[in-house]
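Survey of secondary and tertiary structure
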Amino acid sequence: SKRAWSWKEDYREVVSDAVRRSKEGSVRAPLRIRVLTYNILANRLAEEHYWQLYQGIPKWILDFNYRLRNLCAELELCKPDVVCLQEVEGFEQVSKALEELGFVGEFVPRTGLPEGCATFWRSDAFRAVRTERVEFADHDLKQNVAIVHRLRSKEASDDRCLWVANIHVLFNPKRGDIKVAQCRVLLDTCKALMAEHEGDRDLAVCGDFNSAPNSGVYEFVRTGALDCLRHDRRYLSGQVEGICVGAGSPRAASARETNCFRLPQSELAEEEEATTSSRAEEESATGGGGGRTRKKRNVGNPNKWSAENLRVATGEPGCGVATHPLDLRSAYVSVTGSEPDYTSAYRRFLGTVDYIWHTPSLRPLSALLPVPWEVLSRYYGGGLPNKWWPSDHMSLCCDFLWTGPEVTKWKNGYYR
């Protein structure tokens, strides 16, 4: 099934205004750039979790070589300029395949694991002038990673640069404190890197955030601040436990409840550890865990935040508000008015967790919509991957109008 593009209602006016202002000399000549993000499903995870997550999907569909061919076919159809991939395993093989399509890229593996994040760009459109790898293990924030690039345009007559950040946030739905912290560290890093280059303002932040729209994590990225104590730490990612959808589920054909999952046993132990820490602090503050105290255990801390949870989320002891310094917008919300209906669909989950964020200087023009659920549900009960789509996620892809830094003065024959 073909995927449809949605265009921003006033995109013609946006383009015309940029062209007019360029002729007047107030902005640089506008370029259209296309950015794609995609969690491509690591082969190791597809094999390890087959019976839990992909049962009912023929194993030949999960074969990595087959899925890689479908990935390349999708990139050929979408024709992106920048590609942010998560769960990349076997980077050399992926890189070689994408090199044949005209891309070059760089990779950072998860700490101690084979898969990680990789960002590619068209070699005839950009060249990388700065790379920053972010390993969250360096901040005691699990094994997840991110990678940031400063890409200089080869197509523009000036030296304009685009910053691109690519992240895969922790999965565990009940460790929202760590999710907020990982986003905070990445966005602080982006701000610090951009500050080193006067005039740089154009940034796209892409990836799998493992958080639902309008969740606490989502609102933190969107608004730049989160009052942690006003949110239940266990549900900060917005994903709801207990509803099974996707391939093999009796609910699959008519599923409408998104952002629902079943928490794996391995994640339950980690959540119990965090909850125990919070409980210990509560009982210590109330003089022990006796009968009456236990009944009132959550009166002063109903949202399950310990001092350590707060320190992790905010980065500062004794602070209850997490902040980041960037003004970010969702590209899909800018174009369509809302996030996609879903970006991931498999046996234990149906919902939206992937996003393309951008600074206001990048103007979204169009967005690629996921296959309608009514169509997807015809194949293997609606679970991904399938014969056409090589991952348990859908790719997101957006067109941006890019004018680069504001024009300030005339120097050496061109505006700077």
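Attention here is on the structure that accompanies the text. (Residues numbered from 1 in each chain as written. Predicted model: local features only at pLDDT ≥ 70, side-chain atom pairs only at ≥ 80, totals over all residues. Heavy atoms only, no water.)

**Some remarks on the sheet that holds strand β9 (residues 203–208)**
- On the basis of which strands lie adjacent, the open sheet formed by six strands has the order β6-β7-β8-β9-β17-β14 and mixed pairing. With one partner strand each, in any of the chains shown, β6 (126–135) and β14 (329–330) form the two edges of the open sheet.
- Helix-sheet contacts for helix α7 (residues 176–195) involve β6, β7 (145–153), β8 (161–168) and β9, and the interaxial angle to β8 is about 165°. (Pairing = 2+ DSSP bridges. Helix = DSSP H or I, 4+ residues; strand = E, 2+ residues; numbered from the N terminus. Contact = heavy atoms within 4.5 Å. Axes fitted to C-alpha atoms, helices over the stretch in contact; angles between N-to-C directions.)

**Let's talk about the packing of α7 against helix α8 (residues 216–223)**
- Remark: α7 packs on α8, axes separated minimally by 9 Å, with the N-to-C direction vectors making an angle of 20°. Between α7 and α8, the angle is such that the two are roughly parallel. Of the two possible hands of crossing, α7 and α8 adopt the one that is right-handed. Of the residues in α8, those in contact with G176, K179, V180, C183, R184 and L187 of α7 are V217, F220 and V221.
- In terms of residue class, the contact of α7 with α8 is built from six nonpolar, one polar and two charged. (Parallel < 35°, antiparallel > 145°, perpendicular 65-115°, else oblique. Left-handed = near helix turned anticlockwise from the far one by under 90°. Nonpolar A, V, L, I, M, F, W, Y, C, P; charged D, E, K, R; others polar.)

**Considerations on unusual backbone geometry**
- With a phi angle near 60°, D140 is a residue other than glycine that sits in the positive phi range.
- Locating D140 in the fold gives a position in the loop between β6 and β7.
- For D140, a relative accessible area of 71% gives the class exposed.
- Look at N210: it is not a glycine, yet its phi comes out positive at around 45°.
- With respect to the helices and strands, N210 occurs in the loop between β9 and α8.
- With a relative accessible area of 6%, N210 lands in the buried category. (Buried < 20%, exposed > 50% of the residue type's maximum accessible area, 1.4 Å probe, protein only.)

The values are spatial; any link to function lies outside them.
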